[in-house]
Amino acid sequence: MFIPIQLDENSSEPLYAQIKSQLKTLILSGHIETGTLLPSIRELAGQLSCSVITIRRVYQDLEQEGLLRTKQGTGTFVAPVHQGEREQFRKRAVEEAIIAAIDAAKQMQIDEQELRDIFNEIVRIRMRND
């Protein structure tokens, strides 16, 4: 199975954190469904050109968080995720993006009303086009 994880070698965020956050997002957003067999640690490390130790740590951490289950001799699978947890994740992801946009607006000295106008215009355009 190919997992669409994009690594940025120039990022200050460690590869481990990039992989973990993207895999977690794919699981919680439903892009990788419950019960899906993930690539072996060695396979995924090969796909991403990183250390087996890095992927083992990602899998172990996500298993501790309840997102993955490992069955000895069978592999690592996506664990069931409750709908409430998915909804919290979706909401939190959007909130974080909005907070980043507000912070950028403050840096650019855009006032609240101008920011609302920009937001409403973008929403109007994007929601119509998607």
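Please refer to the structure placed before this passage.
We now turn to the structure provided with this report. This structure is a prediction, so every number in the text was calculated from the model and none was measured.

### Quick notes on helix α1 (residues 15-28)
Along its 14 residues, α1 runs 20 Å from first to last C-alpha, staying within 8% of the 20 Å computed at 1.5 Å per residue. Of the positions making up α1, those classed as buried are Tyr-16, Gln-18, Ile-19, Lys-20, Leu-23, Leu-26, Ile-27 and Leu-28. Taken together, the buried residues of α1 touch α2 (41-48), α3 (52-64), β1 (68-71), β2 (75-78) and α4 (83-107). Positive backbone phi, approximately 90°, marks Gly-30, located one or two places after α1.

### Structural notes on α2
Buried within α2 are the following residues: Leu-44, Ala-45 and Leu-48. All buried residues of α2 lie within an arc of 100° about the axis, which places them on one face of the element. Residues Arg-42 and Gly-46 are exposed on α2 and point more than 90 degrees away from its buried face. A positive phi of about 50° marks Ser-49, the residue just after α2.

### Some details on the side chain of Asp-61
Turning to its location among the elements, Asp-61 is positioned in helix α3. The class of Asp-61 is buried, set by a relative accessible area of 18%. If we ignore the near neighbours within four places in the chain, the residues touching Asp-61 are Tyr-16 and Lys-20.

### Observations concerning the pairing of β1
Two strands pair when backbone bridges link them, and β1 and β2 are joined in this way by 4 bridges, in the antiparallel orientation. When the sheet's bridge partners are listed, Thr-70 is paired in β2 with Thr-76. Here β1 folds back onto β2 in antiparallel fashion, the turn holding 3 residues, of which Gly-73 has a positive phi close to 80°.

Conventions and cut-offs
- Residues numbered from 1 in each chain as written.
- Predicted model: local features only at pLDDT ≥ 70, side-chain atom pairs only at ≥ 80, totals over all residues.
- Heavy atoms only, no water.
- Helix = DSSP H or I, 4+ residues; strand = E, 2+ residues; numbered from the N terminus.
- Expected span 1.5 Å × (residues − 1).
- Buried < 20%, exposed > 50% of the residue type's maximum accessible area, 1.4 Å probe, protein only.
- Contact = heavy atoms within 4.5 Å.
- Arc of directions from axis to C-beta.
- Pairing = 2+ DSSP bridges.

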